[in-house]
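The primary structure of each chain is shown beneath.
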Amino acid sequence: MQALTRQLGDVIPLPVSVRPDPAANFRISSDLSVSAVPEAADIAEQLTELLRRATGRPVSHADGVDGSFRILLDESDNVGHYQTVKPPEAYRLEITPETVTLRAQSKPGLFAALQTLRQLLPEGDPAGEIPGGRIDDEPRFAYRGTMLDVARHFYAPEDLRSYIDAIAQLKINHLHLHLTDDQGWRLEIPGWPRLTEVGGGPGTGVDGAGPGFFTAREYADLVAYAASRFVTIVPEIDMPGHVNIVHVAYPELTADGQPVPPRTDAEVGYSSLVAGKEETYAFVEDVIRAVSELTPGPYLHIGGDEAFSTPPEDYRTFLRRVLPMAGKYGKRAIGWHEMAVVDLPPTAIPQYWRIEPADNGVARAAAAGHQVIMSPADRSYLDMKYDKDTPLGLDWAGVVGVERAYDWDPADRLPGVGEESLLGVEAPLWSETLRSLADVQFMAFPRLAAIAEIGWTPRADRQWRSFRARLAGLGQRWAAQGINFYRSPEIDWQ
Ligand code: TNX
């Protein structure tokens with residue numbers, strides 16, 4: 001590892017305001033100490049651990065504001081760059097020769113400051129420097145997400161924890177888990193044990209290659225771990241399509257009550273819950289209640305995509321019954337954009353994934369005041385190949401290189417869905433072709449860094465040339481962390 005001091009702005013996502021002061025570099029010395037307000041003891045612990053690892057030196061704990069690294073919660077100065085009240089992740093990071101100060105009004109801001117600082121640490125150099133100056137920063141969008149499909153292939157909780165650590169460094173703050181699909185059901189639901197006995201058993205997943213499921217306890221632990229990284233879990237139960245495994249486990253829910261065979265191919269659009277059957281809604285309500293109880297975050301994703309074998313009128317009937325159930329159990333419903341064919345409950349959020357800007361009710365929903373999440377497949381789908389030779393992934397939305405993932409804007413994607421309608425941006429990763437955490441990392445990194453910057457950095461400040469140069473530096477950190485990122489030839493990796 002080179003002992004070069006980073007430039008203060010050498011961070012992804014690029015901060016809103018960077019004021020370097022090269023005369024104010026902080027030199028790593030032998031008496032590093034961390035002090036924090038009591039509310040931020042957990043963040044102090046994470047900082048202490050990072051400093052120990054980066055410098056190889058001991059790091060002590062200091063009381064009050066006496067540390068060389070200080071973590072402060074600050075109520076004053078609450079006028080932000082975009083809003084009159086700052087978003088929770090707003091922070092200031094100040095580096096002088098004597099001290100490094102992380103300051104925010106709330107803990108998400110302190111955590112964001114910590115991620116910025118982490119990218120500025122002289123990793124592996126016990127005598128290095130942290131670049132001097134001041135950063136004032138806050139996100140463009142509240143929702144900066146990524147999705148992982150754990151249905152087509154399951155990943156163990158420890159793999160997900162490692163993935164959460166990696167995405168949180170990019171200030172990604174939502175992890176959408178696609179928990180169910182035709183080939184598998186990955187979350188235990190009380191009263192419906194066969195969902196996971198069958199749907200998480202051997203031979204599930206695409207090609208039968210990805211068995212496994214979360215017990216309710218494991219899921220709750222994962223949600224709590226994500227929260228410690230300021231990541232909100234967004235659980236998805238995909239309905240009314242993508243449900244073959246439900247019918248394998250519970251044939252009484254099929255149209256004629258007859259059993260159906262399990263399927264492990266990657267086809268879509270052939271299965272459907274039965275809209276005209278009362279048992280369907282008893283099942284769905286049990287699932288929505290259980291998932292809502294296990295999930296402290298505000299969102300529940302009900303899927304709604306590619307229901308090609310659900311007659312259109314049945315699709316509407318189904319959604320009109322099911323969408324209000326999310327609200328009944330205290331959640332805001334998110335659904336793939338297809339759901340916008342019905343009048344949505346006021347807080348519901350369509351997630352747009354189309355390639356071409358043809359509308360299907362999303363602009364109408366935005367006009368009615370709904371927030372939208374942008375995930376256009378030809379830019380943000382992490383399962384698309386980087387180029388035609390990429391060994392993993394699909395290409396139905398084209399190939400998506402790093403520049404292509406970076407050089408677009410969510411506010412331009414769909415007429416009628418501008419900045420003010422956007423809750424944020426999400427990069428989905430479907431797992432039909434993936435078999436391991438290493439495969440997930442290979443598809444996600446570096447492109448997730450591009451989506452993270454789109455979600456955070458002011459639009460006018462984003463430039464591919466700058467991003468490309470900063471990405472080369474981040475690659476070094478990924479390598480040091482053992483992250484299996486794709487060394488795209490578009491980047492001059494260091
Ligand atoms: C479409 S886009 C799907 C998924 C597939 C994915 C593969 C969307 C909401 N659904 O069922 O896994 O393509 O890229």
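Per an unreviewed UniProt entry, the chain goes by the name beta-N-acetylhexosaminidase and belongs to Paractinoplanes globisporus. Regarding the chain, the UniProt comment filed under Sequence similarities (unreviewed entry) reads as follows: "Belongs to the glycosyl hydrolase 20 family." The record in UniProt for the chain states the following under Catalytic activity (unreviewed entry): "Hydrolysis of terminal non-reducing N-acetyl-D-hexosamine residues in N-acetyl-beta-D-hexosaminides."

Student: What is the right way to read the site of the ligand from this model?
Tutor: Around the ligand sit 14 residues, and of these Arg-152, Tyr-381, Asp-383, Trp-396 and Glu-432 come closest. Residue Glu-306 places a side-chain N or O atom 3.0 Å away from an oxygen atom belonging to the ligand. Starting from 370 Å² of accessible surface for the ligand in isolation, the protein chains cover 97%. For the shell around the ligand, the class distribution of residues is 8 nonpolar, 1 polar and 5 charged.

Student: Even after reading the chapter, I still don't get the pattern of salt bridges, so can you show me in this structure?
Tutor: Pairing is possible between side chains that carry opposite charge, provided their charged atoms lie close to one another. Evaluation of the coordinates by the stated rule reveals 32 salt bridges. Across the pair Asp-42 and Lys-107 runs a salt bridge whose closest N-O atoms are separated by 3.0 Å. In this pair, Asp-42 is assigned in helix H1 (residues 41-55) and Lys-107 in helix H2 (residues 107-120), connecting sequence segments 65 residues apart. The partly exposed category is assigned to Lys-107, whose relative accessible area is 22%. Residues participating in the shared-partner salt-bridge network are Arg-140, Asp-409, Asp-412, Glu-419, Arg-459 and Arg-462.

Student: Can you help me understand the pairing of strand E10 (residues 143-149) in this one?
Tutor: A regular strand carries its side chains on alternate faces of the sheet. Of all the 7 residues making up E10, 7 are buried; the element is thus mostly covered by neighbouring parts of the structure. In terms of strand pairing, E10 meets strand E19 (residues 422-429) through 6 bridges, oriented parallel. In the strand pairing of E19, Leu-148 is matched with Leu-429. As defined by bridge partners, E10 adjoins strand E11 (residues 174-178) across 5 bridges and the pair is classed as parallel. Within E11, the position partnered with Asp-149 by the bridge is His-178. In this region the chain leaves E10, passes through helix H3 (residues 157-168) and returns to the parallel neighbour E11; the handedness of that crossover is right-handed.

Student: In this structure, what is going on with the UniProt feature "domain: Glycoside hydrolase family 20 catalytic" (unreviewed entry) in the chain? I would like to understand it.
Tutor: Mapped onto the present numbering, the UniProt feature "domain: Glycoside hydrolase family 20 catalytic" (unreviewed entry) falls at residues 141-308 and 317-458. Helix makes up 32% of residues 141-308 and strand 17%. Its end C-alpha atoms lie 33 Å apart.

Analysis parameters
- Residues numbered from 1 in each chain as written.
- Predicted model: local features only at pLDDT ≥ 70, side-chain atom pairs only at ≥ 80, totals over all residues.
- Heavy atoms only, no water.
- UniProt positions renumbered as here; feature names shortened; annotations may be inferred.
- Near = heavy atom within 4 Å.
- Polar contact = N/O pair within 3.5 Å; in protein donor to acceptor, adjacent residues only side chain to side chain.
- Areas by Shrake-Rupley, 256 points an atom, 1.4 Å probe, with all protein chains shown as cover.
- Nonpolar A, V, L, I, M, F, W, Y, C, P; charged D, E, K, R; others polar.
- Salt bridge = Lys/Arg side-chain N within 4 Å of Asp/Glu carboxyl O.
- Helix = DSSP H or I, 4+ residues; strand = E, 2+ residues; numbered from the N terminus.
- Buried < 20%, exposed > 50% of the residue type's maximum accessible area, 1.4 Å probe, protein only.
- Pairing = 2+ DSSP bridges.
- Right-handed = clockwise from strand over helix to strand, strands pointing away.

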